[in-house]
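In case you want the letters, here they are:
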Amino acid sequence: MDLLDGISQGFAVALDPINILYVFLGVLIGTVIGVLPGLGPTATIALLLPLTYEIEPSSAVILLAGIYYGSMYGGTITSVLLRLPGEAASVVTTFDGYQMAKQGRAGPALGIAAIGSFAGGILSVIGLILLAPPLAKLAVSFGPPEYVALAGLGILLVTYLGTGSALKSLSMAALGLLLSTVGQDPIAGTTRFTFGQVALYDGLDFVAVAMGLFGVGEILYNLENTEKVRAIKGKIANIWPSGKDLRDSSGAIVRGSVLGFLIGVLPGGGGVVSSLASYALEKRRAKDPSRFGKGAIEGVAGPETANNASSTSAFVPLLTLGIPANVVMALIFGALLIQGITPGPRLIQEHPDVFWGVIASMFIGNLMLLALNIPLVGVFVQILRVRAGILAAFALLITMAGVFSINNDITDMWVVLGFGALGWLMKKTGFEPGPLVLAFVLGPILERAFRQSMLLSGGDLGIFVSRPLSGGIVAAMALIIVFSAVASRRRRRMLGRVTAPVTDTADGDDPAPDPAARAASRGSTSGES
Amino acid sequence: MAVDRSSAAPERGAAERGLERGLAGHRPAGRWPRGQLHRIGPLVVLGVGVSALVGAAGLALGELTAPGAGLWPFIVALLLTGTGAVLVVVDDPADYEPWTRGTARIAGGLVGLGVFVAAFGAVGFLLPSFLMLLLWLRVFGGERWRWAIGLALAGSVGMYLLFATALGVPFPADVLLIFSRG
């Protein structure tokens, strides 16, 4: 009964004309930046954070969520047509999608991707509705030790599931935790690492840090690396997949939805991992795996479904536990904090408009995306004509003006610029900014919970393992560490045997014929289950 | 599955780089010229870690039963120092991208942005934003002068109207507007 009340309240929020406008804006911006190779969802959301000061909390999250799942749709378009993944999760789609386009089947590839994304999104929203309230109820009983364990798990998974070096990610997570201690100590009020600067007493501003690392840093990095986009040739015909296409991919869509949902719920899950896992699964199940990489429609349908499903279910841990599962969720977490709302188990009770409104908006947003994508693919592709240099120049200026507008303070512009330079350098040197920002957001929660736990237990670290829930999570963390150590060792041994003359990097980039499965196994602590 | 890199996507972030490395199976040599330079990155991390350790020890550490302000930062700094130290030894040089002319231009662009921020505080939004757009469009965008000037003019005025006029953001007093009013 509660559920129905909630849903109807959600639709009341989401169907408010203003919010319909925000959903529409969100999915439209999302699709556009998904198409543009120079700007991803993280950068866009980071750049738009100042905007959320101005609007209602529910509208803000509706807008940002729309950008996130909208970008998952948009990324498909360029992957299929040009083999240019507009965002990371679409890399997998290039394997078969581009082959389909070369065989003149671009239309069905895009069509099935849109249909799969829609199905994955909707099924995932239903899962979210069913799973979130009971989880939140359970989480109300969580004490500080559970929060320490959960936050630790989140950071650990983000460092392990990233595609970069786990050790470097861990080191950046530590840096993020350290940066989050700048300012006043949450319990005693002592100032830490402020170097006497009054501006630092409240700590580093999350928005400025995020805008710098992701917004400016990513723009600079991409500007250096983006190649010129080739002219777009040819028309896309027959966007609707045939009956046979639909029959061939229906299984992949259902499996992709479930897989994507499950991976998205795990901290550290999200687009890339889920689409890789789905691709690996489809390939393993196929009667004739050799079709994959040559234009198998399941290879497009499964991953596209999975990445959209996971981008929806990633909201589960955020909205119920207050733990952001990935970097985009960390940004939305920050946006909510700005509004004075702390996401957590009490969110559903205290701010039902936010919780149910966002969920209902996802239904509407996915419908809009389906309606936008199928007829307008040709229009979106034209966006690629915007040159990267123009895009970067304007995005930077908007960032600078935007960050000034938060506090009308020039200091914030310097912070953004500083973190922008840092983010760019980090990317150039293989240090991921993602774990840093995630840890920066989780840092205060983690520290407070850790210190409370210590007070509770009288300084006994055993409290983290002796309580059943936190003990279980700690055990899971240990399993992940052991599992990934064993897996990487086995991989290295296997490589030792197969290594051809072309070995290049020490972390095992072999010229194996099955990159997808390898890439998937690389980040598959959760993917294979 | 051969993926020819010439058309294989703009590189975006280490995440995709990892993927693409997996995809392509090979990667153009991206090593720094003189062997050991890549250790600078982890060394910087290590340096930050050690100074944070010192800083945290200077704040009262307290004990586990009664944690002081410095205890948590100390734990975190230990993690940072530890990972940094290991990375100095084991880090993979291939993670580091070579410095090219493009890199130098980006660095120059950053300096340009710094000048923009400083000038923004001194003479307001319009002139610095016009010059910054012009620099970026002409140097990084490679736009022709005519386009660069037109876009920069439209961009700076448009942005001023959006932020200062429509959204009411109090930009610093604008020297151009003061002049035009006499």
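Worth saying up front: this structure is predicted, and the values here are computed from it rather than measured. (Residues numbered from 1 in each chain as written. Chains lettered and ligands numbered in written order. Predicted model: local features only at pLDDT ≥ 70, side-chain atom pairs only at ≥ 80, totals over all residues. Heavy atoms only, no water.)

**A few points about the overall build of chain A**
At step 1: Check the secondary structure of chain A and you find 22 helices and 2 strands.
At step 2: When the 529 residues of chain A are sorted by exposure, 63% land in the buried category.
At step 3: For chain A, the proportion of contacts with a sequence separation of at least 24, taken over those separated by at least 6, is 77%.
At step 4: Summed over its atoms, the accessible surface of chain A is roughly 18,800 Å², and 64% of this surface lies on carbon and sulfur atoms. (Helix = DSSP H or I, 4+ residues; strand = E, 2+ residues; numbered from the N terminus. Buried < 20%, exposed > 50% of the residue type's maximum accessible area, 1.4 Å probe, protein only. Contact = heavy atoms within 4.5 Å. Areas by Shrake-Rupley, 256 points an atom, 1.4 Å probe, with all protein chains shown as cover.)

**Brief notes about the overall build of chain B**
At step 1: From N to C terminus, chain B includes 7 helices and 0 strands.
At step 2: Listed by position from the N terminus, the elements making up chain B come as α-α-α-α-α-α-α.
At step 3: Here the analysis covers contacts within chain B between residues at least 6 apart in sequence; of these, 51% occur between residues at least 24 apart.
At step 4: Taken as a whole, chain B presents about 8,600 Å² of accessible surface, with 70% of it coming from carbon and sulfur.

**As for the confidence of the model for chain A**
At step 1: On average, residues of chain A carry a pLDDT of 81, and 87% of them reach 70 or more.
At step 2: Across residues 498-529 of chain A the pLDDT falls below 50, and counting only partners more than four positions away or on other chains, this stretch makes 59 contacts in the model. (pLDDT = per-residue confidence, 0-100.)

**A word on the nonpolar core**
At step 1: One finds F206 and F315 of chain A together with F125, W136 and F171 of chain B to be the most contacted residues of the largest nonpolar core, which totals 165 residues.
At step 2: At 13 residues, helix α9 (residues 206-225) of chain A tops the list of elements feeding residues into this core.
At step 3: Lining this core are residues from two domains, each supplying at least three of them: domain 1 (36-98) and domain 2 (102-180) of chain B.
At step 4: Of all hydrophobic cores here, the second largest spans 24 residues; its members include L82, A301, V377 and F380 of chain A. (Core = buried A, V, L, I, M, F, W, Y, C linked by side-chain atoms within 4.5 Å. Domains from an automatic or database assignment.)

**Some words on the domain arrangement of chain B**
A common way to express how large an interface is: the accessible area buried when the components associate.
At step 1: The domain boundaries assigned to chain B delineate domain 1 (36-98) and domain 2 (102-180).
At step 2: For domain 1 of chain B versus domain 2 of chain B, the separation of C-alpha centres amounts to 39 Å.

**Some thoughts on the pattern of salt bridges**
Where charged atoms of side chains with opposite charge meet at close range, the side chains can pair.
Residue and element names in this part refer to chain A.
At step 1: Following the criterion strictly, the structure yields 8 salt bridges over all chains and no others.
At step 2: The closest approach of N and O atoms between R192 and E447, which form a salt bridge, is 2.9 Å. Pair noted here: R192 is in strand β2 (residues 191-192) and E447 is in helix α19 (residues 433-457), with a separation of 255 residues, a long-range link.
At step 3: Through salt bridges with shared partners, a single network forms among D185, R192, E447 and R451. (Salt bridge = Lys/Arg side-chain N within 4 Å of Asp/Glu carboxyl O.)

**Things to note about the packing of aromatic side chains**
At step 1: Scanning all chains against the criterion turns up 16 aromatic pairs over all chains.
At step 2: Consider the rings of Y279 of chain A and F292 of chain A, whose centres lie 5.6 Å apart with planes at 85°: the pair is edge-to-face. Taken together, the residues Y279 of chain A in helix α11 (residues 271-285) and F292 of chain A in the loop between α11 and α12 (298-313) connect sequence positions 13 residues apart. We note that Y279 of chain A, like F292 of chain A, is buried.
At step 3: The interplanar angle of 85° and the centroid separation of 5.4 Å between the aromatic rings of F120 of chain B and F171 of chain B together place this pair among those described as edge-to-face. Of this pair, F120 of chain B sits in helix α4 (residues 101-123) while F171 of chain B is found in the loop between α6 (145-166) and α7 (175-180), placing the two residues 51 residues apart along the sequence.
At step 4: Residue class for F171 of chain B comes out buried when judged on its relative accessible area of 11%. (Phe/Tyr/Trp six-rings, centres within 6.5 Å; stacked < 30°, edge-to-face > 60°.)

**Regarding a nonpolar patch on the surface**
At step 1: The grouping of L123, I126 and L130 of chain A at the surface amounts to a nonpolar patch, some 270 Å² of accessible area in total.
At step 2: Along the chain, I126 of chain A falls in helix α6 (residues 106-140). (Patch = residues over 30% accessible without salt bridge, like charges linked within 9 Å, V, L, I, M, F, W, Y side chains within 5 Å.)

**A few points about helix α3 (residues 41-48) of chain A**
At step 1: A large share of α3 of chain A lies buried, amounting to 7 of its 8 residues.
At step 2: Where α3 of chain A is buried, its residues contact α2 (17-35), α4 (57-82), α9, α14 (327-338) and α17 (388-407) of chain A.

**Comments concerning helix α10 (residues 243-265) of chain A**
Residue and element names in this part refer to chain A.
At step 1: With 23 residues, α10 extends 32 Å between its outermost C-alpha atoms, agreeing within 8% with the 33 Å of an ideal straight helix rising 1.5 Å per residue.
At step 2: Roughly 40° is the biggest bend found in α10, and it falls at S249.
At step 3: Considered for burial, the residues of α10 that qualify are D245, S249, A252, I253, G256, S257, L259, G260, F261, I263, G264 and V265. (Expected span 1.5 Å × (residues − 1). Bend = angle between axes of the 7 residues up to and from the residue.)

**Focus on unusual backbone geometry**
At step 1: In this structure, N408 of chain A takes a positive phi of about 50° despite not being glycine.
At step 2: The residue N408 of chain A is located in the loop between α17 and α18 (410-428) in this model.

**Examining empty space enclosed by the protein**
All names here are of chain A.
At step 1: What the rule picks out here adds up to 4 cavities of 30 Å³ or more.
At step 2: Taken as a whole, the second largest cavity spans an internal volume of roughly 80 Å³.
At step 3: Along the walls of the second largest cavity sit 12 residues, with I77, L110, A113, A114 and N373 positioned nearest its centre.
At step 4: Of all the secondary-structure elements, those providing two or more residues to the lining of the second largest cavity are α4, α6 and α16 (352-382).
At step 5: With 5 residues, the single largest contributor to the lining of the second largest cavity is α6. (1 Å grid on protein atoms, 1.4 Å probe; cavity = no way out; pocket = protein on both sides within 12 Å on 5 of 7 lines; lining within 4 Å. Points joined across faces, edges and corners; volume = space filled by probe spheres on them.)

**Some remarks on the packing of α6 of chain A against α12 of chain A**
All names here are of chain A.
At step 1: For the pair α6 and α12, interaxial distance at closest approach is 7 Å and the crossing angle is 35°. Every pair of crossing elements has a handedness; the one defined by α6 and α12 is right-handed. Listed contacts from α12 to A109, I112, A113, G116, S117, F118, G120, G121, S124, V125 and L128 of α6 are V300, A301, E304, T305, N308, A309, T312 and S313.
At step 2: Within the contact of α6 with α12, the residues separate by chemical class into 9 nonpolar, 9 polar and 1 charged. (Axes fitted to C-alpha atoms, helices over the stretch in contact; angles between N-to-C directions. Left-handed = near helix turned anticlockwise from the far one by under 90°. Nonpolar A, V, L, I, M, F, W, Y, C, P; charged D, E, K, R; others polar.)

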